[in-house]
Amino acid sequence: EAGVTQFPSHSVIEKGQTVTLRCDPISGHDNLYWYRRVMGKEIKFLLHFVKESKQDESGMPNNRFLAERTGGTYSTLKVQPAELEDSGVYFCASSPNRDRSRETQYFGPGTRLLVL
Amino acid sequence: QKEVEQNSGPLSVPEGAIASLNCTYSDRVSQSFFWYRQYSGKSPELIMSIYSNGDKEDGRFTAQLNKASQYVSLLIRDSQPSDSATYLCAAFMNRDDKIIFGKGTRLHILP
């Protein structure tokens, strides 16, 4: 079974540009999460989809970030326009829709974003 | 106070010894706790979960939970160089309805 995949693995862009990150969860997983890890800090929650619906987007930093999950399959996270502080590693994770308090989240390899 | 706190390390342990990783959490009603291992440049991987007070053993790994002290730990017996990684403690915070991660502890097993 394929794991969670993310694309691209790395992205270097200039401040003010737009970047779109993609996540393909494990097939059949209803829950999809986006996280971000800024250097030296902990992995921080950004948002959570259940199928195609945004369940919780309380972690999204501001309105420059837009996440979608059309059809409840893959998800994209767009940053527009990118700022220097957006640099970090963006992880995607997925899990089956069971007891969320005890679920195993399966993480993708992450996208390393550097904004210059 | 951070919601999930860990010593960032690095923690250096001789090969064959026991590595002890510690974590505290702030939400007294949290019920579920997780240890993830992350190799450099790779994705976090769940290695242990624990929900009840006491010890839970899986191979060389033992997770310990003390809800009264709001403390969770991970012991790695017979440490191997391949155990060198960052270990992330995470807790499902009922009040936030999400998993919160600590910063992670870097573990280095000395050959």
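Note that the coordinates shown come from a computational prediction; the quantities given were computed from them, not determined experimentally.

**Examining the pattern of salt bridges**
Residues and elements named next belong to chain A.
Argument step 1. Per the stated rule, a full pass over the model turns up 11 salt bridges over all chains.
Argument step 2. Between arginine 22 and aspartate 24 there is a salt bridge whose closest N-O contact spans 2.7 Å.
Argument step 3. For arginine 22, a relative accessible area of 33% puts it in the partly exposed group.
Argument step 4. Judged by its relative accessible area of 24%, aspartate 24 is partly exposed.
Argument step 5. Residue glutamate 42 pairs with lysine 44 through a salt bridge whose shortest N-O separation is 3.9 Å.
Argument step 6. Judged by relative accessible area, which is 11%, glutamate 42 ranks as buried.
Argument step 7. It is possible to trace a salt-bridge network through shared partners that takes in Arg36, Arg64, Glu85 and Asp86.

**Quick look at the side chain of Thr111(A)**
All names here are of chain A.
Argument step 1. As for its placement among the helices and strands, threonine 111 is situated in strand S11 (residues 111-115).
Argument step 2. At 2.5 Å, the side chain of threonine 111 and the backbone oxygen of proline 8 are in polar contact.
Argument step 3. Not counting chain neighbours up to four residues away, the residues in contact with threonine 111 comprise Gln6, Phe7, Pro8, Ser9, Leu21, Gly88, Val89 and Tyr90.

**Side note on the interface of chain B and chain A**
Argument step 1. Counting from both sides, the interface comprises 20 residues of chain B and, opposite them, 20 residues of chain A.
Argument step 2. Between chain B and chain A the total buried area reaches about 1700 Å² when both faces are included, carbon and sulfur atoms providing 53% of it.
Argument step 3. Contact with chain A buries surface across chain B, with Lys98(B), Phe101(B) and Lys103(B) losing the most and accounting together for 30% of the total.
Argument step 4. Put simply, chain B and chain A have 1 salt bridge between them.
Argument step 5. Measuring nitrogen to oxygen at the nearest pair gives 3.0 Å for the salt bridge that ties Asp56(A) to Lys98(B).
Argument step 6. At the junction of chain B with chain A, the criterion picks out 8 residue pairs in polar contact (both at pLDDT 80 or more).
Argument step 7. When contributions to the side of chain B that touches chain A are tallied by element, the ones reaching two or more residues are strand S4 (32-38), strand S9 (85-93) and strand S10 (98-101) of chain B.

**Comments concerning the nonpolar core**
Residues and elements named next belong to chain B.
Argument step 1. Trp35, Val72, Leu74, Ile76 and Tyr87 are the most contacted members of the largest nonpolar core, which totals 25 residues.
Argument step 2. Mapped onto this core, the elements with two or more residues apiece are strand S3 (19-25), S4, strand S5 (45-50), strand S7 (61-66), strand S8 (71-76), S9 and strand S11 (105-110).
Argument step 3. The leading source of residues in this core is S9, at 5 residues.

Calculation notes
Note that residues are indexed from 1 along each chain, following the sequence as it is written. A letter from A marks each chain and a number from 1 marks each ligand, given out in the order of writing. Per-residue local features of the predicted model are confined to residues with pLDDT of at least 70, and side-chain atom pairs are confined, for both listing and counting, to 80 or more; whole-chain, interface and lining totals are unaffected and use all residues. Side-chain descriptors were evaluated using all non-hydrogen atoms of the structure, hydrogens and water having been removed beforehand. Basic side-chain nitrogens of Lys or Arg form a salt bridge, by our definition, when they fall within 4 Å of a carboxyl oxygen of Asp or Glu. Each residue is assigned to one of three classes by its accessible area relative to the maximum for its type, calculated with a 1.4 Å probe on protein chains only: buried under 20%, partly exposed between the two thresholds, exposed over 50%. Secondary structure counts use DSSP, requiring at least four H or I residues in a row for a helix and at least two E residues in a row for a strand, with both numbered from the N terminus. Polar contacts here mean pairs of N or O atoms no more than 3.5 Å apart (in protein, one a potential hydrogen donor and the other a potential acceptor; neighbouring residues in sequence count only if both atoms are side-chain atoms). Any two residues whose heavy atoms approach within 4.5 Å at even a single point are treated as in contact. Two parts placed together each lose some accessible area under a 1.4 Å probe, and the buried area is that loss summed for both. To form a nonpolar core, buried Ala, Val, Leu, Ile, Met, Phe, Trp, Tyr and Cys residues must be joined to one another through side-chain atoms within 4.5 Å.

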